[in-house]
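Structural characterization, general
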Amino acid sequence: MATWLLVPCLGQLRTELNRIAPNRDKSSDGTIGDSAHQGRVSDHNDDEVGRVPIRDADARHEVHAIDLDTDLREPNLTMEMVVQHVLARCRSGAEKRLRYVIYNRRIWEASNGWRQRSYSGSSPHTEHAHFSASYVTRLEASTASWHLEDIPVALTDADKKWLAAQIDKAATSAAERVWKTKWNINFAPGTTPYVAEAGSILAHVPGEHARTEQALAEIDGKVDKLLAEDPANQV
């Protein structure tokens with residue numbers, strides 16, 4: 001039997017999924033079709049010798065479909081989120097490397113404007129998501145990012161604690177820069193200077209005051225962005 005390859009664009013999709021879900025279950029992953037697939041037209045078949053819907057321009061033995069197990073084993077990430085992220089990119093025109101996606105009794109096709117419709121095939125595709133790639137050489141060969149790292153996930157309690165600690169650390173550092181000025185006030189890092197002197201120092205050191213305000217504004221901006229991206233805060 002000829003040696004076959006998974007088209008590079010789907011290999012990149014699998015690589016990125018492995019990166020954001022390193023402990024995911026792979027028991028339902030699939031590429032080359034079994035005997036059932038070989039008996040019918042399928043993107044899981046070798047495109048040079050098997051029954052496929054399209055013959056591409058090259059002579060390489062390739063498979064144009066991949067199944068990816070639905071169990072990602074990540075508390076804030078699901079296959080539904082992955083599928084919807086990919087579909088959003090397809091609908092926007094940012095992604096052109098897929099022909100269709102099947103998942104959980106639904107199918108979305110490029111030929112149908114990526115609109116959802118019911119899928120009633122022999123497999124409901126509840127245990128994995130199916131991605132079929134383009135047969136256009138430049139598209140199937142592209143290993144450009146699928147940007148799975150951009151999928152918005154809810155902040156965990158650990159994330160929120162880390163964020164609060166970073167804010168506190170940055171604020172403390174900014175305050176220390178103010179106190180350690182030409183006024184040469186000596187105090188141990190992390191301790192609180194005499195509050196009575198704060199107003200006088202800030203009034204006479206406008207540069208440090210401005211830098212402090214700028215640092216805090218940047219922190220506020222980052223926090224607002226993270227909270228806006230948190231699905232838990234979206235209506």
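Just above sits the structure.
Here is a short report on the structure shown in this document. From a predicted model like this one, the values you see are computed outputs, not experimental measurements.

Considering the overall build of the protein
- Tallying secondary structure elements over the protein gives seven helices and seven strands in all.
- When the helices and strands of the protein are placed in sequence order, the string is β-α-α-β-β-α-β-β-β-β-α-α-α-α.
- Taking all 235 residues of the protein together, 37% fall into the buried category.
- Once local pairs closer than 6 in sequence are excluded, the contacts in the protein between residues at least 24 apart make up 61%.
- Total accessible area on the protein stands at roughly 13,400 Å², and carbon and sulfur atoms take up 53% of it.

So, the nonpolar core
- Counting 28 residues, the largest nonpolar core has Leu10, Met79, Val83, Leu98 and Phe131 as its most contacted members.
- Secondary structure elements with two or more residues in this core: α1 (8–20), β3 (65–69), α3 (79–92), β4 (98–103) and β7 (128–133).
- Among the elements that line this core, the one with the most residues is α3, at six residues.
- Discounting chain neighbours no more than four positions away, the residues touching valine 83 are Val101, Tyr103, Trp108, Ala129 and Phe131.

Remarks on the pattern of salt bridges
- Inspection of the entire model under this criterion finds ten salt bridges.
- Of the charged contacts, one joins arginine 99 and aspartate 43 as a salt bridge, the two residues approaching to 2.9 Å between their closest N and O atoms. Placement of the pair is arginine 99 in strand β4 and aspartate 43 in the loop between α2 (35–38) and β2 (62–63), with a sequence separation of 56 residues.
- The class of aspartate 43 is buried, set by a relative accessible area of 2%.
- A salt bridge links arginine 106 to glutamate 80; the shortest N-O distance between them is 2.6 Å. You can see arginine 106 sitting in strand β5 (residues 106–109) and its partner glutamate 80 sitting in helix α3, a full 26 residues away along the chain.
- Residue arginine 106 is classed as buried on the basis of its relative accessible area, which comes to 14%.

As for the sheet that holds β3
- Reading across from one edge, β3-β7-β4-β5-β6 is the order of the five strands in this open sheet, with antiparallel pairing throughout. Only two strands of the sheet have a single partner each, and these edge strands are β3 and β6 (116–118). On average, adjacent strands in this sheet sit at an angle of 20° to one another, irrespective of strand direction.
- Sheet analysis places β3 next to β7, joined by five bridges and oriented antiparallel. Bridge assignment links leucine 68 to a residue of β7, and that residue is alanine 129.
- Those strands touched by α1 are β3, β4 and β7, and its axis lies near 10° from that of β3.
- Here α3 sits on the sheet and contacts β3, β4, β5 and β7; the angle it forms with β4, its principal contact strand, is near 155°.

Describing α1
- Here α1 is 13 residues long and its end C-alpha atoms lie 19 Å apart, about the 18 Å a rise of 1.5 Å per residue gives.
- Among all positions of α1, only Cys9, Leu10, Gly11, Gln12, Leu13, Glu16 and Leu17 are buried.
- Contact partners of the buried residues in α1: β1 (5–6), β3, α3, β4, β7 and α4 (137–140).

Quick look at the packing of aromatic side chains
- Applying the stated rule across the entire model yields zero aromatic pairs.
- Geometry around tryptophan 146 places arginine 97 over its ring, the cationic atom sitting 4.1 Å from the centre.

Some points on the environment of arginine 115
- One can find arginine 115 in the loop between β5 and β6.
- C-alpha of arginine 115 to C-alpha of arginine 91: the two residues are 24 residues apart in sequence and 8.9 Å apart in space.
- Excluding its chain neighbours within four sequence positions, the residues that come into contact with arginine 115 are Ile107, Trp108 and Glu109.
- At a separation of 3.2 Å, a polar atom in the side chain of arginine 115 contacts the side chain of asparagine 112.

Criteria and thresholds
Residues numbered from 1 in each chain as written. Predicted model: local features only at pLDDT ≥ 70, side-chain atom pairs only at ≥ 80, totals over all residues. Heavy atoms only, no water. Helix = DSSP H or I, 4+ residues; strand = E, 2+ residues; numbered from the N terminus. Buried < 20%, exposed > 50% of the residue type's maximum accessible area, 1.4 Å probe, protein only. Contact = heavy atoms within 4.5 Å. Areas by Shrake-Rupley, 256 points an atom, 1.4 Å probe, with all protein chains shown as cover. Core = buried A, V, L, I, M, F, W, Y, C linked by side-chain atoms within 4.5 Å. Salt bridge = Lys/Arg side-chain N within 4 Å of Asp/Glu carboxyl O. Pairing = 2+ DSSP bridges. Axes fitted to C-alpha atoms, helices over the stretch in contact; angles between N-to-C directions. Expected span 1.5 Å × (residues − 1). Phe/Tyr/Trp six-rings, centres within 6.5 Å; stacked < 30°, edge-to-face > 60°. Lys NZ or Arg CZ within 6 Å of the ring centre and 35° of its normal. Polar contact = N/O pair within 3.5 Å; in protein donor to acceptor, adjacent residues only side chain to side chain.

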